[in-house]
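# Coordinate inspection notes
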Amino acid sequence: MANGLPDPPRGLLTADAARSLVDSVDAFLFDCDGVIWKGDKLIEGVPEAMELLRKLGKKLVFVTNNSRKSRRQYSKKFKSLGLEVTEEEIFTSSFAAAMFLKLNHFPPEKKVYVVGEDGILEELKLAGFECLGGPEDGNKNIKLEADFYFEHDISVGAVVVGLDQYFNYYKMQYARICISENPGCLFIATNRDPTGHMTSAQEWPGAGTMVAAVSCSVQKEPIVVGKPSSFLMDFLLKSVTIPSTKFWIVMNSLLFQLLQLQSGNLKDVHGR
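Residues numbered from 1 in each chain as written. Predicted model: local features only at pLDDT ≥ 70, side-chain atom pairs only at ≥ 80, totals over all residues. Heavy atoms only, no water.

- Looking at an unreviewed UniProt entry, one finds the protein chain named Phosphoglycolate phosphatase and attributed to Urochloa decumbens.
- Quoted verbatim from the Function (unreviewed entry) field of UniProt, the annotation for the protein chain is "Photorespiratory enzyme that dephosphorylates the 2-phosphoglycolate produced by the RuBisCO oxygenation reaction."
- As its UniProt record puts it under Subcellular location (unreviewed entry), the protein chain is described as follows: "Plastid, Chloroplast". (UniProt positions renumbered as here; feature names shortened; annotations may be inferred.)

## Description of the nonpolar core
- In this structure, Phe91, Leu101, Val112 and Leu124 are the most contacted members of the largest nonpolar core, which totals 33 residues.
- Listed by contribution, the elements that provide at least two residues to this core are strand S3 (27-31), strand S6 (59-64), helix H4 (93-103), strand S8 (111-115), helix H5 (118-126), strand S10 (156-161), helix H8 (230-240) and strand S15 (247-250).
- When residues in this core are grouped by element, the largest group, seven residues, is from H4.
- Once residues within four sequence positions are removed from consideration, Val112 is found in contact with Leu101, Phe106, Leu124, Phe129, Glu130, Cys131, Leu132, Ala158 and Val160.
- Residues Leu21, Val35, Ile36 and Met50 belong to the second largest nonpolar core, which totals 23 residues. (Core = buried A, V, L, I, M, F, W, Y, C linked by side-chain atoms within 4.5 Å. Buried < 20%, exposed > 50% of the residue type's maximum accessible area, 1.4 Å probe, protein only. Helix = DSSP H or I, 4+ residues; strand = E, 2+ residues; numbered from the N terminus. Contact = heavy atoms within 4.5 Å.)

## Comments concerning the sheet that holds S8
- Read across the sheet, five strands follow the order S9-S8-S10-S11-S14 without closing on themselves; strand pairing throughout is parallel. Either end of the sheet is taken by a strand with one partner, and the two such strands are strand S9 (130-133) and strand S14 (223-224).
- By the bridge criterion, two bridges tie strand S11 (residues 186-189) to S14 in an arrangement that is parallel. By the bridge assignment, Ala189 is partnered in S14 with Val224. (Pairing = 2+ DSSP bridges.)

## Thoughts on the UniProt feature "binding site: Mg(2+)" (unreviewed entry) in the protein chain
- When the UniProt feature table is mapped onto this chain numbering, "binding site: Mg(2+)" (unreviewed entry) sits at Asp31 and Asp33.
- Note on placement: Asp31 falls in strand S3.
- Since its relative accessible area comes to 12%, Asp31 is described here as buried.
- Separated by 2.7 Å, the side chains of Asp31 and Lys227 make a polar contact. (Polar contact = N/O pair within 3.5 Å; in protein donor to acceptor, adjacent residues only side chain to side chain.)

## Regarding the pairing of S9
- As defined by bridge partners, S8 adjoins S9 across four bridges and the pair is classed as parallel. The residue of S9 that forms the bridge with Tyr113 is Leu132.
- Handedness of the crossover is the feature at issue here: the chain leaves S8, passes through H5, returns alongside S9, and the resulting connection is right-handed. (Right-handed = clockwise from strand over helix to strand, strands pointing away.)

## Quick word on the UniProt feature "binding site: substrate" (unreviewed entry) in the protein chain
- When the UniProt feature table is mapped to this numbering, "binding site: substrate" (unreviewed entry) covers Lys227.
- Within the element layout of this structure, Lys227 appears in the loop between S14 and H8.
- The buried category is assigned to Lys227, whose relative accessible area is 16%.
- Leaving out residues up to four positions away in the same chain, Lys227 has contacts with Asp31, Val63, Thr64, Asn65, Asn191 and Leu232.

## A short note on the confidence of the model for the protein chain
- Summing up the model confidence of the protein chain, the mean pLDDT is 87 and the portion of residues at 70 or higher is 85%.
- Here residues 1-6 scores under 50 on pLDDT; set against residues more than four positions off or in separate chains, the count is 13 contacts.
- Confidence drops under pLDDT 50 across residues 259-272; counting only partners more than four residues distant or on other chains, this segment forms 39 contacts. (pLDDT = per-residue confidence, 0-100.)

## Thoughts on the environment of Thr209
- Residue position: Thr209 is located in helix H7 (residues 207-218).
- Between the C-alpha atoms of Thr209 and Leu163, which are 46 residues apart in sequence, the distance is 8.4 Å.

Written as C-alpha cells, this is what we have:
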C-alpha cells in the first residue's frame, strides 16, 4: 500500500516492477508484528532486505501498534535479533499516546491511568507525565459486597488503554470510573487491533479487546492514536520529514523478497 502511488499488482510482481517501486519511494514504513518478526522470531529475509534498502539510501521507519514496549525497549529487541535500528526510527502506539497528550497540552497537574504495560508507562514518564496503573494493578482484586465503594484518584485526567496481559476487573473499573466521573477525563486507545502476533506460534487477543471492554462500560468511543489514525501518520511524517507522496507502508513480508535485487539473477517475485 502506498500513499500517492498505485498499489502493486496482485499476483506477480516482476523484478522490473520491484526495481521501479523501490526507485520511486524515498522511505519505507514497516509494520513490525508479523512483518519483521512473529513473537521473538525474526522473519526470513528481513536482514538482507533492510541492508539492501539502506545501501540504496532509503529511509526506514518501524511502526508498531504493540504498546507493551517503549521505543528504547524495541531498539533493544531489534538489536537482540541482529538488527541495528535506532530509537528515532521507531514509532510505537505507546509513544503516540504520550505525544498526543504532550501536543495537546495535557495539564501537568493531571495524572494518567494506564490499562497497559511498561511501554506505555515509560513513554508517558519520559514525556513528563505522572502515571498510575500498569502491571502492578494486575494483582489487585475487589470484593463485590453490598457496601463496597471503589476509591479512585480524582486528579486522573486521562485513561490510556493498550495491550495488557494483566487486564482484570479492577483495571476496567478504575478506567471506567475515571472516564465517567472525573470531569473532562480523556479516553485514549493505543489501537483497536482485535488480534496480534504476540508469539511465533499463533495470534492472541489484541489491544482492541481491552479497549472494547472499557468502551462498552462507559458507552463512549476512545481517541485512537495508533495505526491507522490520522494523528500517528501526521506526527510521523512531520517527525521524520517524509514527503507524503514518496513513502510505502509495508504491511506484509512481500518486500523482503526484493533482496533478489542484490544479485544479477533477477527473478519474478510473487505478491499477495
